[in-house]
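Reading the structure
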Amino acid sequence: GAAFTKTDWKTSGILDTFCEINNDEDGGNLLLLALDLPVSADGVELGIAFDSLVRNQLLSGSPVIFISPSASGKGIVDLAEIMVGDKASSPSKKKDLTRIVKAWIPVASGSVLKASEEALKVFETYEIPILSIHGDKDEMGKKVTEMLGSTANAKTVELSGGHPVYLDSPDEFVSEVL
């Protein structure tokens with residue numbers, strides 16, 4: 001999001017909790033990467049970042065699960081808009097959403113409210129599951145979650161907290177994500 005960075009995730013203990021669970025329960029099969037793109041980053045920039053991580057062998061190239069709090073959901077929404085619109089600079093760019101995103105966990109991502117219904121339906125059409133999470137004190141986040149639930153068949157979760165619910169209820173957040 002605009003007000004929070006990967007440092008907030010690290011200092012909150014969320015990343016440590018994911019890593020502990022990964023080592024204890026998953027046998028170390030979980031790769032966790034904090035990607036701190038500018039708030040203005042769109043789907044093209046997200047694709048460039050993904051491709052760079054693949055080139056540098058930090059990712060395999062298979063689609064990944066994205067957790068995108070607040071404003072950082074813009075890149076995922078933009079990839080969906082590219083699939084249904086004429087924004088793609090090449091035919092291969094139209095497939096970036098399915099090439100990059102295995103599942104999406106938006107946390108009160110306001111860009112959803114500006115997305116076309118057609119773009120949001122792409123997630124269900126291409127069987128990209130969504131787990132939409134918001135805090136019970138976050139009205140905008142609730143609207144996002146409701147919209148994704150009704151339009152994209154998202155699983156919806158309300159946790160105790162405000163807009164940065166992952167910081168307000170980190171243990172519950174991790175439990176829902178895993």
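Scope of this entry: the structure provided in the associated data block. (Residues numbered from 1 in each chain as written. Predicted model: local features only at pLDDT ≥ 70, side-chain atom pairs only at ≥ 80, totals over all residues. Heavy atoms only, no water.)

1. Some details on the environment of Ser40
Of note, Ser40 is situated in the loop between helix H2 (14–25) and helix H3 (43–55). For Ser40, a relative accessible area of 52% gives the class exposed. When the C-alpha atoms of Ser40 and Ser72 are compared, they prove to be 8.3 Å apart, with 32 residues separating the residues in sequence. Setting aside chain neighbours within four positions, we find Ser40 in contact with Glu45 and Lys74. (Helix = DSSP H or I, 4+ residues; strand = E, 2+ residues; numbered from the N terminus. Buried < 20%, exposed > 50% of the residue type's maximum accessible area, 1.4 Å probe, protein only. Contact = heavy atoms within 4.5 Å.)

2. Notes on the pattern of salt bridges
Within this structure, the stated rule accounts for 5 salt bridges. The closest approach of N and O atoms between Glu176 and Lys155, which form a salt bridge, is 4.0 Å. One end of the pair, Glu176, is in helix H9 (residues 170–177); the other, Lys155, is in strand S4 (residues 155–159), and 21 residues separate them in sequence. Connected via shared salt-bridge partners are Asp51, Asp96 and Arg99. (Salt bridge = Lys/Arg side-chain N within 4 Å of Asp/Glu carboxyl O.)

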